[in-house]
Amino acid sequence: MSIESTAMRWEKVQQRGGSGGPGVRWGHTCNSVAGGKLLFVFGGYGKDQCQTNQVHVFNTANMLWSEPLMKGTPPTPRDSHSCTTVGDNLFVFGGTDGRRPLNDLHMLDTSTNTWILPSVRGDGPEAREGHSAAIIGKRLFIFGGCGKSENSEIYYDDLYILNTETFLWKRVIPSGTPPSKRVSHTCSSWKNKIIVIGGEDSSNFYLSDVHILDADTLVWCKLNTTGQLLPPRGGHTTIGFGKNLFVFGGFSDEQNLYDDVYMLDIENGAWVKVIAIGEGPSGRFSMAGETLDPEMGGVLVFIGGCNKNLEALADMYYLRTGFSREDDRDERRNEKLSMRKQLKLKCQEQHSISPSYEQSPFGVQHEHDTTVYQPMPISSYMPSGRQNLYLNEYQSPFGKRTFQAKVTKTFSDGYTIETIIDGKPLRGVLFSNKPSSTSKGVDNFNRKMEEDAMKIGGPSVHADQDADKHQTNDVNDIRQVNTEAQIEIAAASEMKTPEAESLMLREDPGASEPHLTHDVNFGNSAANNPSSVNAGTHEDNVSAVAKDQSTPIS
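Because the structure is predicted, anything quoted here is derived from the model rather than measured.

A word on the overall build of the protein chain. The number of helices and strands found in the protein chain is 4 helices and 44 strands. Taken over 554 residues, the protein chain has a buried fraction of 48%. Counting contacts in the protein chain only where the partners sit at least 6 residues apart, residues at least 24 apart contribute 60% of the total. For the protein chain, the exposed area adds up to about 27,300 Å²; of that, 50% sits on carbon and sulfur atoms.

The subject of this paragraph is the sheet that holds strand S12 (residues 114-116). With mixed pairing, 5 strands are arranged side by side in an open sheet as S8-S12-S11-S10-S9. With one partner strand each, in any of the chains shown, strand S8 (71-72) and strand S9 (82-86) form the two edges of the open sheet. As paired elements, S9 and strand S10 (residues 89-96) share 5 bridges and run antiparallel to each other. Bridging across to S10, valine 86 finds its partner in asparagine 89.

Below, the discussion takes up the sheet that holds strand S18 (residues 159-163). Spatially, S13-S19-S18-S15-S14 is the arrangement adopted by the 5 strands of the open sheet, whose pairing is mixed. Looking at which strands have only one partner, the edges of the open sheet turn out to be strand S13 (121-122) and strand S14 (132-136).

Attention shifts here to the pattern of salt bridges. Applying the stated criterion across every chain yields a total of 14 salt bridges. Residues glutamate 267 and lysine 243 are paired through a salt bridge, measuring 3.3 Å at the closest nitrogen-oxygen approach. Residue glutamate 267 is located in the loop between strand S31 (261-265) and strand S32 (270-274), and its partner lysine 243 is located in the loop between strand S27 (237-241) and strand S28 (244-248); the two are separated by 24 residues in the primary sequence. With a relative accessible area of 46%, glutamate 267 lands in the partly exposed category. Of the residues examined, lysine 243 reaches a relative accessible area of 26% and is grouped as partly exposed. Among the charged side chains, a network of salt bridges with common partners joins Arg9, Glu11 and Arg320.

Let's shift gears to the packing of aromatic side chains. Within this structure, the stated rule accounts for 14 aromatic pairs. Arranged with centres 4.9 Å apart and planes meeting at 55°, the rings of phenylalanine 248 and phenylalanine 302 form a pair that is tilted. Of this pair, phenylalanine 248 sits in strand S28 while phenylalanine 302 sits in strand S34 (residues 299-306), and the two are 54 residues apart along the sequence. Each member of the pair, phenylalanine 248 as well as phenylalanine 302, is classed as buried. Each residue in the set Trp10, Phe248, Phe302 and Tyr317 is aromatic and connected to the rest through ring pairs, giving one cluster. Directly above the aromatic system of tyrosine 156 lies the positively charged group of arginine 128, at a separation of 4.1 Å from the ring centroid. One Lys or Arg, arginine 233, reaches over the ring of tyrosine 258 and ends 3.8 Å from the middle of that ring.

Right, let's get into unusual backbone geometry. Between aspartate 293 and proline 294 the backbone carries a cis peptide bond, its omega angle lying at 10°. With respect to the helices, strands and loops of the structure, proline 294 is situated in the loop between strand S33 (288-291) and S34. In this model, asparagine 204 sits at a positive phi of 65°, which is unusual for a non-glycine residue. Its place among the elements puts asparagine 204 in the loop between strand S23 (193-201) and strand S24 (206-214). Taking the relative accessible area as the measure of exposure, asparagine 204 reaches 48% and is therefore partly exposed.

Quick look at the environment of asparagine 113 now. With respect to the helices and strands, the residue asparagine 113 is situated in the loop between strand S11 (101-109) and S12. When the C-alpha atoms of asparagine 113 and lysine 71 are compared, they prove to be 6.2 Å apart, with 42 residues separating the residues in sequence. If near-sequence neighbours (up to four positions away) are discounted, asparagine 113 is found in contact with Phe40, Pro68, Leu69, Met70, Lys71 and Leu108.

Turning to the confidence of the model for the protein chain, a few remarks are in order. Put simply, the protein chain has an average pLDDT of 74, and 61% of its residues get 70 or more. Contacts from residues 1-5, a stretch scored under 50 in pLDDT, to residues over four places away or in other chains number 13 contacts. Of the regions scoring below 50 in pLDDT, residues 510-554 engages in 149 contacts with residues more than four places distant in sequence or in other chains.

In this section: the pairing of strand S15 (residues 139-143). In the case of a regular strand, side chains alternate between the two sheet surfaces. Taking burial as the measure, the 5 residues of S15 include 4 buried ones, the bulk of the element. Two elements, S14 and S15, share 5 bridges in a ladder whose sense is antiparallel. Bridge assignment links alanine 134 to a residue of S15, and that residue is phenylalanine 141. Adjacent in sequence and paired antiparallel, S14 and S15 are bridged by 2 residues, among which glycine 137 carries a positive phi angle near 65°. The sheet contact formed by S15 and S18 spans 5 bridges and is antiparallel. The residue of S18 that forms the bridge with isoleucine 142 is tyrosine 160.

Time to look at the side chain of aspartate 209. Within the secondary structure, aspartate 209 sits in strand S24. Leave out the neighbours within four places in its chain, and aspartate 209 touches Arg182, Val196, Ile197, Gly198 and Lys222.

Moving on: the pairing of strand S19 (residues 168-172). Bridging between S13 and S19 involves 2 bridges; their strand directions are parallel. The residue bridging glycine 122 from the neighbouring strand is tryptophan 169, located in S19. As paired elements, S18 and S19 share 5 bridges and run antiparallel to each other. Across the sheet, leucine 162 pairs through a bridge with tryptophan 169, a residue of S19.

Here we take up the side chain of aspartate 79. Along the chain, the position of aspartate 79 falls in the loop between S8 and S9. Despite its burial, aspartate 79 pairs with no opposite charge, the nearest such side chain being arginine 78 at 9.1 Å. Here the side chain of aspartate 79 touches glutamine 51 through a polar contact of 2.8 Å, side chain to side chain. In this view, aspartate 79 contacts Trp26, Gly27, Gly44, Tyr45, Gln51, Gly95 and Thr96; residues no more than four positions away in its chain are not counted.

About the criteria used
Residues numbered from 1 in each chain as written. Predicted model: local features only at pLDDT ≥ 70, side-chain atom pairs only at ≥ 80, totals over all residues. Heavy atoms only, no water. Helix = DSSP H or I, 4+ residues; strand = E, 2+ residues; numbered from the N terminus. Buried < 20%, exposed > 50% of the residue type's maximum accessible area, 1.4 Å probe, protein only. Contact = heavy atoms within 4.5 Å. Areas by Shrake-Rupley, 256 points an atom, 1.4 Å probe, with all protein chains shown as cover. Pairing = 2+ DSSP bridges. Salt bridge = Lys/Arg side-chain N within 4 Å of Asp/Glu carboxyl O. Phe/Tyr/Trp six-rings, centres within 6.5 Å; stacked < 30°, edge-to-face > 60°. Lys NZ or Arg CZ within 6 Å of the ring centre and 35° of its normal. pLDDT = per-residue confidence, 0-100. Lys, Arg positive; Asp, Glu negative; His and termini not counted. Polar contact = N/O pair within 3.5 Å; in protein donor to acceptor, adjacent residues only side chain to side chain.

Here it is, written out as structure tokens:
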């Protein structure tokens, strides 16, 4: 049955003053920014019987049109392009200039009204028009459309993804059941799904099928829909509003233009024909549509298009759906919480099976995705003259309170340390109850550094190079440590475990940082930390970092 109980209604927008608006046009695009407060209309065909590259802006608060002065180099005039909103930026791709299809990419920064021509890389789409685009996160998906080969048209069913941060194009070949080659269809996004609806195929048949792409797994599937099914069509407009997609207008032949509205519930696959009160737009195709929510809650807008006489139109309509995004916001909030939990669990799993790595611009590219950088171990890119040693990466136990201390001095039975707990500088002594080679290794390291410095009369490049050689030897010594330097405590101020009795801290407001220190992390034992270097053979490890205060690790 049709939706009437929600009291959806059409409203013709009476445009006031300003520049008078974009005028008659079809094949244009409109995109809302600033939460629906501003509506940017770009390109299309109509005025002076040609394509345009003008930008008009509609302010939904005062109902005024403006034509701001644009900076930068604008795209060539075009129609049948795609324009996708990513934050404050609009990404314009492809279309036709009336003679040939295009495959250039332009970006409009709506905050400064500046056109930008990005330097793109990778395997980008061939020139095309009548394609469709949708955004998920920072990934821009382009599907289908038609191009030209000599004097014949080529229909596409390919899929490209643009990373809107790195401007890297990629052609992907999803699995599953893909949509057939088509043009004049629509693409929408919901959560991590791309939804393709209808269009015209290479045999000039009109379609009403619905295909969904999982953007994470890159698998296509055909949605088996129910209810009042959408009649086949192309040249329609689809506007997403939460889990509901609103389809308006389109054509199935030259004499059959639609002025109807259908709504698809993506979750249950049910189509419903919308019966809105009030006088709505006449039958048309190649119009532009967008949602103005939340600035105008539940309101969809439709602008221009082409009528059955192939005349461009200039009218503008609101469809007041009466819908709210509150439910959708709750769904997205729950989804984000779930994603955070999943990420936390994933990080915990990675920590439990492999050593931690520090993020670095010196990462290597992932073999399957050149935009994903895989961090390298610190030792892989650490400068040879740098006095920084990561002997073991400490991981704090969940549910425990831990603290980190700096070794200021070593002796045969332990260390003197400095730390800050609850804003209070503390200094103390950590005793080892077992024989340890750590102090020997650290003392050897310090002694060799001093000897080398004295031999050459002070610090120099040679001293740094010699120190590096000694560092390598001492790392091996320190890695064989078997000490109770790592202890588990419930709180820094309440050390009640037997191991903690070997640690004595006192408040020292005047505690100073030495030039060369070692960080010691106190937490759960290495026996329970698989990422520790000697977790399989030693119960406890000391996690130390030699830090040169003048060259901190970034």
